Amino acid sequence: MTPATEYPLNRHELFRAEITERGAGVQVVSIGRWKVAADGTRRRAGPALEVGCHRLAGLVRLVADLQRLVEEHQKEIDDASAARRASA
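Turning our eyes to something else, we now look at the confidence of the model for the protein chain. Taken as a whole, the protein chain shows an average pLDDT of 93; of its residues, 99% reach a score of 70 or greater. Averaged over each element, pLDDT in the protein chain is lowest for strand β4 (residues 42–52) (93) and highest for strand β3 (residues 26–36) (95).

What follows is the structure, given as structure tokens:
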């Protein structure tokens, strides 16, 4: 059995991460978006991101940095919107 974890996006879609083995025992993490059918079956929907397990810590740092940038950008948008409302 392939170790996996899932994160629901809505009742029809989820992110799924799996650890698989390729070639000469190389472990790979595969992260993709999956569709969930009414009967509960799942199928991959679109491309997946795959990296060697030894690269996972770097990927986690990359996503954390991206989340920080998104939050900073959203704060700038919110501040600008509040300033426009205050001056109106």
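That shown, we press on.
Further remarks concern the sheet that holds strand β2 (residues 13–22). Read from one edge to the other, the open sheet built from 4 strands follows the order β1-β2-β3-β4, with strand pairing classed as antiparallel. Since the sheet does not close on itself, it has two edges, and those belong to β1 (4–8) and β4, each with one partner. Averaged over all adjacent pairs, the angle separating strand axes in this sheet is 20°, with direction ignored. As defined by bridge partners, β1 adjoins β2 across 5 bridges and the pair is classed as antiparallel. Looking across to β2, one finds that threonine 5 is bridged to alanine 17.

Parameters and conventions
- Residues numbered from 1 in each chain as written.
- Predicted model: local features only at pLDDT ≥ 70, side-chain atom pairs only at ≥ 80, totals over all residues.
- Heavy atoms only, no water.
- pLDDT = per-residue confidence, 0-100.
- Helix = DSSP H or I, 4+ residues; strand = E, 2+ residues; numbered from the N terminus.
- Pairing = 2+ DSSP bridges.
- Axes fitted to C-alpha atoms, helices over the stretch in contact; angles between N-to-C directions.

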